[in-house]
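Coordinates in review
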Amino acid sequence: MDVIVPSSINALNGTTVKIPCTFTSCYKMDVTRFAMNWTYQESSNDTEETVMSYYKKKGMVALQTNPFGERVMFAGNLDKNDLSITLSDVQLEDEGIFNCYVRNPPDRVQGHGIIHLKVVTELPPPRDSTIAVAIGASVGGALALLILSMVVVKCLRRHMKPELIAEEKTEEEGKLDPDVVAEEGTKQA
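This is a predicted model, so every value here is computed, not measured.

**Concerning the overall build of the chain**
Counting its secondary structure elements, the chain contains 3 helices and 11 strands. Written out in order from the N terminus, the α and β elements of the chain read β-β-β-β-β-β-β-β-β-β-β-α-α-α. Of all intrachain contacts in the chain linking residues separated by at least 6 positions in sequence, the fraction that spans at least 24 positions is 53%. Carbon together with sulfur atoms contributes 56% to the accessible area of the chain, which is approximately 13,300 Å² in total.

Written as structure tokens, this is what we have:
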């Protein structure tokens with residue numbers, strides 16, 4: 001069993017954020033045996049408070065004693081192994097650790113995903129990758145031109161001097177042929 005979650009999420013104060021959690025299993029989900037819990041803790045040293053659980057007869061239910069009240073809702077799709085939740089009207093105090101626990105028998109191991117929610121008053125600007133793309137394109141283009149020029153030079157040499165290539169091959173073959181080497185040895189003597 002694998003639980004797939006992002007390690008951290010930035011949420012803008014006052015907005016709604018989706019906290020994703022999906023899982024993969026070798027076994028099809030059996031709703032009569034399946035178990036799932038979302039928990040929250042302010043920091044890694046605090047105790048976990050259950051936020052939402054799955055019940056056979058009721059499905060996914062937010063616990064009434066959870067620290068977020070009605071602001072937390074199930075946003076996933078059990079048929080697609082999606083256990084995501086949303087937290088609306090995010091507050092600075094909501095920052096903390098969300099845990100997604102999944103048990104899907106006959107899987108022996110309980111899956112566990114940990115998401116750090118960071119609440120910000122401004123979202124960071126998106127990264128501008130224009131310079132990186134320009135540099136990559138320049139280097140790639142230069143390498144392509146170098147390779148192309150090497151291929152063109154090699155082709156021109158072959159087409160312009162076929163007799164030289166034939167002579168070179170003959171000389172190379174002569175060097176390796178023992179009869180030719182023996183004849184050259186008697187000529188020099």
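Text resumes after the structure shown.
**A word on the packing of aromatic side chains**
The tally for this structure, following the rule as stated, stands at 5 aromatic pairs. Taken together, a centroid distance of 4.9 Å and an interplanar angle of 75 degrees make the contact between Tyr40 and Phe68 edge-to-face. Here Tyr40 is found in strand β5 (residues 35-41), whereas its partner Phe68 is found in the loop between β7 (59-62) and β8 (72-74), with 28 residues between them in sequence. Given a relative accessible area of 3%, Tyr40 falls into the buried group. Accessibility expressed as a relative area gives 4% for Phe68, which makes it buried. Grouped by ring-pair contacts, the aromatic residues Phe23, Phe34 and Tyr54 constitute a single cluster.

What counts and how
Residues numbered from 1 in each chain as written. Predicted model: local features only at pLDDT ≥ 70, side-chain atom pairs only at ≥ 80, totals over all residues. Heavy atoms only, no water. Helix = DSSP H or I, 4+ residues; strand = E, 2+ residues; numbered from the N terminus. Contact = heavy atoms within 4.5 Å. Areas by Shrake-Rupley, 256 points an atom, 1.4 Å probe, with all protein chains shown as cover. Phe/Tyr/Trp six-rings, centres within 6.5 Å; stacked < 30°, edge-to-face > 60°. Buried < 20%, exposed > 50% of the residue type's maximum accessible area, 1.4 Å probe, protein only.

By themselves these figures say nothing about function.
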